[in-house]
Every structure is written in C-alpha cells, then in structure tokens.
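# Breakdown of the fold
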Amino acid sequence: MTRELDPFRIPQAGLEVAAMAGLFSIDANLNGGAFNGGEFVAESTLGGVAIYAVYQALLTGLRTEALLQRGAISRAVQLQMISATVWESVKQGAAVSLVLGVILLVCPWLSLPLSLLGLVGMGKASLDLFNAFWDGLDESQHAELLAASLEAGVNLRRFLNGDQAAHWASAQ
C-alpha cells in the first residue's frame, strides 16, 4: 500500500469501507433487526451511508487540519471541504450499500467472506487515518510521538514512508 504524500489531495472513501458498509445496518424502527426484504435493505443502506460519512469526515478533517496548520486554508474552507467530500461519499455509500444489501438478501452466505474483506479494508482505512493524522503534526510533535512510541516499544516508523522513516532515524 503506497502512501499519498500530496498534502492538497483529499482522499476519498473507497473500497476499503465498502465491505464493512454492506454489513453494518442501523435498526431504524427498533424492532430488533427483522430480516424481511425491504427493511433489511433499507437498514443496511442507512448503516452503509453512516459508515461512509463518518470515515470520510474523519479522513477529510484530519487531512485538512494539516493544511490549516500550514496556513494553506482557513477554517471556513476546511468546513466547506469536509461537507463537500462527505456529501460525495454519502452518495457513493448509498449506492454501494444498497447493492450490497440486495446481494446479501439474495445470498446471505456471502456475509462471512464480506466480513473478512471488511477486516482487511478497515486495516487499510486505519492506516489512511493514521497517515492523515501524522500529516497534521508539526516537526516537534513528530519527534515527541516517535520518542514516546520507542519508549513504549512500538515502532511507528514502519507505518511511515521510507523517506520519512530515514529522516526520523537520522534525527535521533
């Protein structure tokens, strides 16, 4: 998995959250999640939209916070970017979740493979969120976090790009 180093590129939620979005449902009418056709598809779609929206809001918020800290954008622009990317992600999430809800209604046995794909996707999503968080830190915060991670016995360098890891290794 490569890491995008362009600070002005806002990543979009993609296939990494699709499987989890297809499996997550919100019990809208609080009946315990009945498994009838229309209700299952509707609640699955609603859950998928929520997954896409939350993930995209976190991803965009963290990435734009880095831009805000550098002085490249204002807080108003940041909020506008977050709302615009979340809206696009919600539309994509609704389409993906609707299709996956119908597929799971017809082929419920696909929930196990979809769950496994969801775990892999959430791993990638976690790395994307970590990288967006890391990009929002300044140099002193990078050094503090790396020093604290080494004291705790965690090697954060393996999550970072090779060039940055070499830079931090020479800095210590």
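Before any of the text, the structure's been laid out above.
The paragraphs below set out a description of the structure included in this document. The structure presented is a predicted model; accordingly, all values stated were derived computationally and were not measured.

Parameters at a glance
- Residues numbered from 1 in each chain as written.
- Predicted model: local features only at pLDDT ≥ 70, side-chain atom pairs only at ≥ 80, totals over all residues.
- Heavy atoms only, no water.
- Helix = DSSP H or I, 4+ residues; strand = E, 2+ residues; numbered from the N terminus.
- Buried < 20%, exposed > 50% of the residue type's maximum accessible area, 1.4 Å probe, protein only.
- Contact = heavy atoms within 4.5 Å.
- Areas by Shrake-Rupley, 256 points an atom, 1.4 Å probe, with all protein chains shown as cover.
- Polar contact = N/O pair within 3.5 Å; in protein donor to acceptor, adjacent residues only side chain to side chain.
- Expected span 1.5 Å × (residues − 1).
- Patch = residues over 30% accessible without salt bridge, like charges linked within 9 Å, V, L, I, M, F, W, Y side chains within 5 Å.
- Salt bridge = Lys/Arg side-chain N within 4 Å of Asp/Glu carboxyl O.
- Core = buried A, V, L, I, M, F, W, Y, C linked by side-chain atoms within 4.5 Å.

## Focus on the overall build of the protein
Per the secondary structure count, the protein includes six helices and zero strands. Going from the N terminus to the C terminus, the protein shows its helices and strands as α-α-α-α-α-α. With 172 residues in all, the protein has 37% of them scored as buried. A separation threshold of at least 6 residues defines the contact pool for the protein, and within that pool the share at least 24 residues apart is 68%. When the accessible area of the protein is evaluated, it comes to approximately 9,500 Å², of which 67% is carbon and sulfur surface.

## Quick word on the environment of Gly61
With respect to the helices and strands, Gly61 occurs in helix H2 (residues 37-70). Placed 22 residues apart in sequence, Gly61 and Ser83 show a C-alpha to C-alpha distance of 9.7 Å. In this structure Gly61 touches Gln78 and Ile82, once residues within four positions along its chain are discounted.

## Focus: the side chain of Thr85
With respect to the helices and strands, Thr85 occurs in helix H3 (residues 75-106). Among the polar contacts listed, one links the side chain of Thr85 to the side chain of Thr60, at a separation of 2.9 Å. A distance of 3.2 Å separates the side chain of Thr85 from the backbone oxygen of Ile82, its partner in a polar contact. With residues up to four places along the chain from it excluded, the contact list for Thr85 reads Ile10, Gln12, Gln56 and Thr60.

## A closer look at helix H4 (residues 111-135)
Side chains of residues three or four places apart in an α-helix project in the same direction, reflecting 3.6 residues per turn. Over its 25 residues, H4 extends 35 Å from the first C-alpha to the last, a length consistent with the 36 Å expected when each residue adds 1.5 Å. Inspection of H4 places Leu114, Gly118, Gly121, Ala125, Asp128, Phe130, Asn131, Ala132, Trp134 and Asp135 among the buried residues, and these make up the whole buried set.

## A closer look at a nonpolar patch on the surface
Taken together, the side chains of Phe24, Ile26 and Leu46 make up a nonpolar region of the molecular surface, amounting to roughly 230 Å² of accessible area. Position of Ile26 relative to the elements: it lies in the loop between helix H1 (15-23) and H2. We classify Ile26 as partly exposed; its relative accessible area is 31%.

## What to know about the nonpolar core
Grouped together as the largest cluster of nonpolar side chains are nine residues: Ala13, Val17, Ala18, Ala21, Tyr52, Tyr55, Leu59, Ala125 and Ala132. Broken down by secondary-structure element, the contributors of at least two residues to this core are H1, H2 and H4. Those residues in contact with Ala13, other than ones at most four positions away along the chain, are Tyr52, Tyr55, Gln56, Ser89 and Gln92.

## Focus on H3
Counted at 1.5 Å a residue, the expected span for H3 with its 32 residues is 46 Å, and the 46 Å between its end C-alpha atoms agrees. For H3, the full list of buried residues reads Gln78, Ile82, Thr85, Val86, Ser89, Val90, Gly93, Ser97, Leu100, Gly101 and Leu104.

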